Amino acid sequence: MHSAHDGRRSRPTRRAVFRTLAGVAAAGVAGGYAWDRLGHGSDDGSGTAADGTGSGPSSRSTGPRTFERLSAPDRTVVRAGDGGTLATFTDGARTAVLAGPSRTFSEPRTTEAKVTTDAWVRVLPHAWQRGMEKSAWFKGWFEKSLGDSSPDVFAVAFQYSSAGAPDKHNAKGVRYAGTAHFGPRNSAVKNPLDFAYYDEQSDFYDYLGIDWTFPDGTRVQPEQARYGDVDCSGFQRLVWGYRMGIPMRNTNTKGAGLPRRAYAIAAYGPGRTVIPHTGKKQATDLDALQPGDLVFFAIIKDRPDFIDHVGMYMGLDDQGRHRFYSSRSAANGPTLGDLSGHALLDGTDFYARGFRAARRL
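Peer 1: Can you tell me about the overall build of the chain, naming the residues and giving the values?
Peer 2: A count of helices and strands for the chain gives seven helices and 16 strands. Looking at the chain residue by residue over its 361 residues, the buried ones come to 57%.

Peer 1: Can you tell me about the sheet that holds strand 16 (residues 355-360), naming the residues and giving the values?
Peer 2: Remark on secondary structure: sheet strands pair via backbone hydrogen bonds, oriented parallel or antiparallel. Overall, antiparallel pairing links the six strands, which are arranged 11-16-12-13-14-15 in an open sheet. The two strands at the open ends of the sheet, each matched to only one other strand, are strand 11 (272-275) and strand 15 (333-335). Taking the axes of each pair of neighbouring strands and ignoring which way they run, one obtains an average angle of 30° across the sheet. Examined bridge by bridge, strand 12 (residues 294-297) and strand 13 (residues 309-316) share four bridges and lie antiparallel to one another. Pairing of Phe297 across the sheet is with His309, part of strand 13. Most of the contacts of helix 5 (residues 232-243) go to strand 13, to which it runs at about 60°, and overall it touches strand 12, strand 13, strand 14 (322-328) and strand 15.

Peer 1: So, helix 5: which residues are in play, and what are the values?
Peer 2: With 12 residues, helix 5 should cover 16 Å at 1.5 Å per step; its first-to-last C-alpha distance of 16 Å lies within 8% of that length. Buried residues dominate helix 5, accounting for 10 of its 12 residues.

Peer 1: Just give me the short version of the nonpolar core, but keep the residues and values in it.
Peer 2: If you look at the biggest cluster of nonpolar residues, it comprises 46 residues, and the most contacted ones within it are Tyr160, Val239 and Trp240. Among the secondary structure elements, those contributing two or more residues to this core are strand 5 (95-106), strand 6 (114-123), helix 3 (153-157), helix 4 (204-208), helix 5, helix 6 (262-268), strand 12 and strand 13. When residues of this core are assigned to their parent elements, the largest contribution, five residues, is made by helix 5. Every residue in contact with Trp240, bar those within four places of it in the chain, is listed here: Thr95, Val121, Val123, Val153, Gly245, Ile246, Leu258, Gly292, Leu294, Met312 and Leu361. Listed in part, the 18 residues of the second largest apolar core include Ile275, Ile299, Ala343 and Tyr351.

Peer 1: Please provide a residue-by-residue account of the packing of aromatic side chains, values included.
Peer 2: What the rule picks out here adds up to 26 aromatic pairs. Arranged with centres 4.7 Å apart and planes meeting at 35°, the rings of Phe297 and Phe324 form a pair that is tilted. Taken together, the residues Phe297 in strand 12 and Phe324 in strand 14 connect sequence positions 27 residues apart. With a relative accessible area of 0%, Phe324 lands in the buried category.

Peer 1: Residue-level account of the environment of Gly333, with values.
Peer 2: Following the sequence through the fold, Gly333 ends up in strand 15. Judged by its relative accessible area of 0%, Gly333 is buried. Considered as a pair, Gly333 and Cys232 are 101 residues apart in the sequence and their alpha carbons are 8.3 Å apart. Each residue touching Gly333, except ones within four places of it in the same chain, is listed here: Ser162, Ala180, His181, Phe182, Ser326, Ser327 and Arg328.

Peer 1: A description of the side chain of Asp229 should follow, citing residues and the corresponding values.
Peer 2: Relative to the helices and strands, Asp229 is located in the loop between strand 10 (219-220) and helix 5. One buried charge, Asp229, has no salt-bridge partner; the nearest side chain with opposite charge is Arg226, at 5.7 Å. Beyond its immediate chain neighbours, meaning those up to four positions away, Asp229 contacts His181, Phe182, Gly183, Pro184, Ser202, Asp203, Asp206 and Tyr207.

Peer 1: Residues and numbers for the side chain of Arg249, please.
Peer 2: Along the chain, Arg249 falls in the loop between helix 5 and helix 6. From its side chain, Arg249 meets the backbone oxygen of Gly257 in a polar contact 2.4 Å long. Those residues in contact with Arg249, other than ones at most four positions away along the chain, are Phe214, Arg237, Lys254, Gly255, Ala256, Gly257, Leu258, Pro259, Arg260 and Tyr268.

Peer 1: Describe the confidence of the model for the chain, listing the residues and the values that go with them.
Peer 2: Counting all residues, the mean pLDDT for the chain is 86, and 83% of those residues have values of 70 or more. Confidence over residues 1-57 falls short of pLDDT 50; this stretch has 155 contacts with residues more than four positions distant or in other chains.

Criteria and cut-off values
Residues numbered from 1 in each chain as written. Predicted model: local features only at pLDDT ≥ 70, side-chain atom pairs only at ≥ 80, totals over all residues. Heavy atoms only, no water. Helix = DSSP H or I, 4+ residues; strand = E, 2+ residues; numbered from the N terminus. Buried < 20%, exposed > 50% of the residue type's maximum accessible area, 1.4 Å probe, protein only. Pairing = 2+ DSSP bridges. Axes fitted to C-alpha atoms, helices over the stretch in contact; angles between N-to-C directions. Contact = heavy atoms within 4.5 Å. Expected span 1.5 Å × (residues − 1). Core = buried A, V, L, I, M, F, W, Y, C linked by side-chain atoms within 4.5 Å. Phe/Tyr/Trp six-rings, centres within 6.5 Å; stacked < 30°, edge-to-face > 60°. Lys, Arg positive; Asp, Glu negative; His and termini not counted. Salt bridge = Lys/Arg side-chain N within 4 Å of Asp/Glu carboxyl O. Polar contact = N/O pair within 3.5 Å; in protein donor to acceptor, adjacent residues only side chain to side chain. pLDDT = per-residue confidence, 0-100.

Dropping the structure here:
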């Protein structure tokens with residue numbers, strides 16, 4: 001794909017520069033990130049653990065199964081013979097969460113917290129509808145996915161960790177994974193914990209350094225200065241769109257595909273809303289969330305009702321707190337850490353106070 005620059009949004013006024021009072025969580029080990037299969041991996045950022053492989057399906061993947069319908073949101077839950085949850089499929093969404101081997105995600109450069117989870121987030125070939133468990137494609141897909149140890153959405157997301165992730169290149173020599181940064185340095189801002197210290201507007205094709213043609217024919221070219229960079233919504237498009245195959249568009253209005261900016265993804269993105277945006281109030285219905293949900297924040301000081309940040313919900317950390325993963329300026333790229341605000345949805349810290357909505361793609 002090659003083209004002239006076309007359709008890129010015009011450069012908006014920079015965010016208001018402001019500081020948060022949130023401190024940096026203590027980090028016992030400098031640098032690096034870890035992603036272990038619980039008891040089976042290494043934390044050196046290389047090898048099979050960093051590639052997101054697992055040791056096989058959970059013990060619940062065999063034996064009799066039942067399909068249960070639940071609501072709020074409407075979904076189909078697959079139960080194992082012992083009653084445990086094997087998978088969850090939400091009506092209108094392509095996100096599927098399956099039980100698998102436990103893995104631990106950590107980032108000691110920016111936080112002491114760790115997330116240990118047996119949730120493996122996959123993308124369905126079609127948006128789920130009630131009764132699809134009876135369809136011809138489902139049985140084969142489900143059996144394969146339960147035993148699949150290849151990188152899932154979480155695994156792919158951590159292939160861009162700002163704390164260090166190895167480069168990966170495709171057959172054409174394009175670096176499609178490896179340490180990502182947030183954006184070019186903003187020389188007008190001096191405090192590295194300010195949210196405009198690194199500039200926004202870096203999309204997935206900037207990270208990749210390749211031209212891109214969207215389904216509507218819009219063609220765009222990357223900016224050389226943004227190579228290897230993705231802002232918060234660009235990171236989600238890199239993971240869910242470029243890597244996982246969910247269609248994208250280059251606009252922020254209603255339409256098919258994943259739009260460009262956080263507020264547009266919240267309002268017009270594919271899938272379904274699981275926590276609606278109601279304005280200036282902190283979202284508190286955390287029981288509605290499942291791993292992989294996109295979570296949205298109003299982080300501009302003077303616009304408490306405007307969504308301007310998006311992350312990916314990971315589940316509970318080792319302190320029982322609801323943690324998310326997003327590309328952020330203070331960490332200069334994707335992080336689950338606590339630089340310039342704890343990456344938490346519950347409580348009274350900066351991002352928790354700004355939490356407004358959630359969507360399941």
